[in-house]
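So you can see what is in the structure, the chains are spelled out below.
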Amino acid sequence: MKPLICFYQEDQYIYSDNYVLHSCKPDESVHDFLSSIENNFKKELKVVQINFEYSHQDLFKDKKELYPAAKAAVFVLNQHEVLPAKSLVAKIPSTITTLNLQFNTLETEQDFIKKVEKIKTDIANGRLYQVNLTAPMVSDSIYTGEKIFKNFFEKFSGQYKALLPLTEYDLISFSPELFLKKQNKKLKTQPIKGSIAPTTDAGKKLIDNPKEDAELSMIVDLLRNDLNHVEKESSAKVTAHRELMKLGYIEHTYSEIEIETDKTLPEILQSTLPGGSISGCPKAESLHVIAELEVYKRQAYTGTIGWWKDNNFSLNICIRSFIKYKNQLYYHAGCGIVYDSDAHKEWDEFLLKAGSLSLKNTK
Amino acid sequence: MKALLIDHDDSFTYNLQDWLKPICEEIEVINHRDLQKNLHAHLVVLSPGPKSPQDYPHVVEFIQSLSPRSAVYGVCLGMQILVHAAQGTVSPYAPALHGKKSKLIVNAPEYKILDNSFVARYHSLYCSKYDSDQFETLATSADDKIPMWLRHKQKRWMGVQFHPESFLTAQPETHLKILNDWLRT
């Protein structure tokens, strides 16, 4: 079987080539699918993947799909190893070479800028406070998911990497963002907002920027809300705010919010998906704006990937991720648009998030 | 005390619920689309939310149908709905402030404890005109002098343009104590 890899603790990864893949059926809700997995495989270690659209399928039903994909999938692992990064990379048989990839954005700079301006008008009119606007890129590719994972492993730093061999496509994630982690009673989230190109004093510039401050602060309030929605019996607490994350190709600010709860994964996801940092604020209205403006369904991108066992789990936000479908390789990027966004700077940020990928800049 | 928290499809409603917990034995969260005339509560809280008061005529109708014994507390859009319901004017405000902080200038002598304290702001509209025979301006923002805190002189209505439930607001417990004291007068 094709190898499956998922981040685990610190610098440790789950590796498995003996698993059973369960996919959510088109007419089944993701919540029901996850609840039935929980009932049947509670004690087993599982790796979960859920698309962005989650329970909002109707809102996005007329959008174009880039590849065929189940709404959600769960790998139940029969056997697995836990490996540090070094042994993991050595275990993947493919060699490290320069990959011949040339990405085209599936949105022109002109269209992207028009959409940013439209969102800014909506914000000024009181319709909402922030929207995460995204678009895909595509390259021809002859490479396997394993080869892409191994070759970009060092270039895209980030704690929440994964390689999932799904039925129709391979999902390769280099996410730096933790969506939700539950350990016993403690449930935490670490939203990322605020980005800057890595120059000498980038960190200070990012921290001192009031636009970046507001962008993250409102997502912190939104995620406090989502955690307070999960559990009425306790209160969400902000345990870190505007910490710096240096990834080499980009720098970010992130915060951390925690709450105590006994709720299960399917219950928790009902109050928290799609993630606040990749939708917008207020979330309900931002999903309508995304459905109006984005051309393609996001599918796996900005959904979530992670491991799940008993009532403990750790899930990423599936960003900085590749989708290998037939001879195509997709990669998406996006930006949080707020009232004082500069449309051209947002386009630069969109390109910056492609890291070291070779991009043809389509005007 | 029982509170009815009307949610205008907002992403801060459950923070408001969490903030209100210490003073309410029961809080029922209800979406604005599901309002019915026969709902009862000691306190009705109007959540923040997207769009403008004109988009919520059924909420205006609902608060006007309440018994005079019910108190209404409006947050952000909630305060704008109160002003709109009393024939005041709500207008666009530039630059929009979302996830930003301002200091309060408190005019009301009984609430001076909050003078100069930071509060969180999320709005691109503001209450530009209202009758001073109806509303007392308890506080304004120190930087741009916008109405931040209003109290109705005849009805049991209070409204805040800022967000007392936000983690950016400096003294959420003091705001809550003031609300509680007002409700018990």
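The preceding data block contains the structure.
Residues numbered from 1 in each chain as written. Chains lettered and ligands numbered in written order. Predicted model: local features only at pLDDT ≥ 70, side-chain atom pairs only at ≥ 80, totals over all residues. Heavy atoms only, no water.

(A) Here's a closer look at the sheet that holds strand S5 (residues 89-106) of chain B. Residues and elements named next belong to chain B. Spatial ordering of the open sheet is given by S2-S1-S3-S4-S9-S8-S7-S5-S6, a layout of 9 strands whose pairing is mixed. Pairing within the sheet leaves two strands with one partner each, and these edge strands are strand S2 (26-31) and strand S6 (118-129). Between one strand and the next, the sheet's axes are offset by a mean angle of 25 degrees, whatever the strand orientation. Pairing geometry for S5 and S6, over 10 bridges, is antiparallel. (Pairing = 2+ DSSP bridges. Helix = DSSP H or I, 4+ residues; strand = E, 2+ residues; numbered from the N terminus. Axes fitted to C-alpha atoms, helices over the stretch in contact; angles between N-to-C directions.)

(B) View of the interface of chain A and chain B. Contacts between the two partners involve 31 residues from chain A and, on the opposite side, 27 residues from chain B. Summing the contributions of chain A and of chain B, the shared interface buries around 2,400 Å²; its carbon and sulfur component is 53%. Linking chain A to chain B there are 1 salt bridge. The salt bridge involving B:Lys100 is made with A:Asp340; its shortest N-O contact spans 2.8 Å. Where chain A packs against chain B, one counts 21 residue pairs in polar contact (both at pLDDT 80 or more). (Contact = heavy atoms within 4.5 Å. Buried area = accessible area lost by both parts, 1.4 Å probe. Salt bridge = Lys/Arg side-chain N within 4 Å of Asp/Glu carboxyl O. Polar contact = N/O pair within 3.5 Å; in protein donor to acceptor, adjacent residues only side chain to side chain.)

(C) Geometry of unusual backbone geometry. The linkage connecting A:Leu273 with the following residue, A:Pro274, adopts the cis geometry, with an omega of -10 degrees. With respect to the helices and strands, the residue A:Pro274 is situated in the loop between helix H7 (265-272) and strand S14 (280-281). With an omega of -10 degrees, the peptide bond running from A:Cys281 to A:Pro282 counts as cis. Relative to the helices and strands, A:Pro282 resides in the loop between S14 and helix H8 (283-293). For B:Cys76, which is not a glycine, the phi torsion comes out positive at approximately 60 degrees. Residue placement: B:Cys76 occurs in the loop between strand S4 (71-75) and helix H3 (77-85). Accessibility expressed as a relative area gives 3% for B:Cys76, which makes it buried. (Buried < 20%, exposed > 50% of the residue type's maximum accessible area, 1.4 Å probe, protein only.)

(D) A look at the packing of helix H3 (residues 109-124) of chain A against helix H9 (residues 343-352) of chain A. Residue and element names in this part refer to chain A. Running from N to C, H3 and H9 cross one another at 125 degrees; their axes reach a closest spacing of 9 Å. With respect to H9, the element H3 is oriented oblique. Considering only the axes of H3 and H9, their crossing is right-handed. In this structure, H3 contributes Glu-109, Phe-112, Ile-113, Val-116 and Glu-117 to the contact, and H9 contributes Ala-343, His-344, Glu-346, Trp-347 and Phe-350. By residue class, the composition of the contact of H3 with H9 is 6 nonpolar, 1 polar and 3 charged. (Parallel < 35°, antiparallel > 145°, perpendicular 65-115°, else oblique. Left-handed = near helix turned anticlockwise from the far one by under 90°. Nonpolar A, V, L, I, M, F, W, Y, C, P; charged D, E, K, R; others polar.)

(E) Quick peek at the environment of B:Cys24. Residues and elements named next belong to chain B. Structurally, Cys-24 is set in the loop between helix H1 (13-20) and S2. Taking the C-alpha atoms as reference points, Cys-24 and Met-1, 23 residues apart in sequence, are found 5.0 Å from one another. Other than its neighbours up to four places away in sequence, Cys-24 contacts Met-1 and Ala-3.

(F) Region of the structure containing the pairing of strand S18 (residues 328-337) of chain A. Residue and element names in this part refer to chain A. Counting buried residues along S18, 9 of its 10 residues qualify, which places the element largely inside the surrounding structure. Looking at chain direction, strand S17 (residues 321-325) and S18 are connected through 4 bridges and run antiparallel. In the sheet register, Ile-323 faces S18, and the bridge partner there is Tyr-330. A loop of 2 residues connects S17 with S18, the two strands running antiparallel in sequence, and Lys-326 in this loop sits at a positive phi of about 50 degrees.

(G) Representation of H3(A) within the structure. Helix length check: H3(A) (16 residues) gives 23 Å between terminal C-alpha atoms against 22 Å at 1.5 Å per residue, within 8%. When H3(A) is considered as a whole, its buried residues turn out to be A:Glu109, A:Phe112, A:Ile113, A:Lys115, A:Val116, A:Ile119, A:Asp122 and A:Ile123. Along its buried surface, H3(A) packs onto strand S6 (130-140), H8, S18 and H9 of chain A together with S5 and S6 of chain B. After H3(A) finishes, the residue A:Gly126 shows a positive phi value of roughly 90 degrees. (Expected span 1.5 Å × (residues − 1).)

(H) Highlighting the pairing of S5(B). As paired strands, S5(B) and strand S7 (residues 135-141) of chain B are joined by 3 bridges and run antiparallel to one another. Its bridge partner lying in S7(B), B:Val106 is registered against B:Ala139.

(I) Expanded view of the packing of aromatic side chains. Enumeration according to the criterion identifies 29 aromatic pairs over all chains in this entry. Judged by centre distance (5.7 Å) and plane angle (20 degrees), the ring pair of A:Phe149 and A:Phe174 falls under stacked. Highlighted residues: A:Phe149 in helix H4 (residues 145-152) and A:Phe174 in strand S8 (residues 170-175), separated in sequence by 25 residues. Residue classification places A:Phe149 among the buried residues on the basis of a relative accessible area of 0%. The interplanar angle of 10 degrees and the centroid separation of 4.9 Å between the aromatic rings of B:Tyr111 and B:Trp149 together place this pair among those described as stacked. Taken together, the positions of B:Tyr111 in the loop between S5 and S6 and B:Trp149 in strand S8 (residues 147-152) put the pair 38 residues apart, joining distant regions of the chain. The pair B:Tyr111 / B:Trp149 is uniform in exposure class, with both members buried. One aromatic cluster is present, built from ring pairs that chain together A:Tyr13, A:Phe103, A:Phe149, A:Phe152, A:Phe153, A:Phe156, A:Phe174, A:Tyr249, A:Phe322 and A:Tyr331. It is A:Lys46 that lies over the ring of A:Trp308; its NZ or CZ is 4.8 Å from the centre. Between the NZ or CZ atom of A:Lys161 and the centre of the ring of A:Phe153, over which it lies, the distance is 3.9 Å. (Phe/Tyr/Trp six-rings, centres within 6.5 Å; stacked < 30°, edge-to-face > 60°. Lys NZ or Arg CZ within 6 Å of the ring centre and 35° of its normal.)

(J) Representation of the environment of B:Ser102 in the model. All names here are of chain B. Checked against the element boundaries, Ser-102 lands in strand S5. By relative accessible area, which is 3% here, Ser-102 ends up buried. Taking the C-alpha atoms as reference, Ser-102 lies 8.8 Å from Asn-116; in sequence the two are 14 residues apart. With residues near it in sequence (within four places) discarded, Ser-102 still touches Ser-117, Phe-118, Val-119, Arg-121, Ser-141 and Asp-143.

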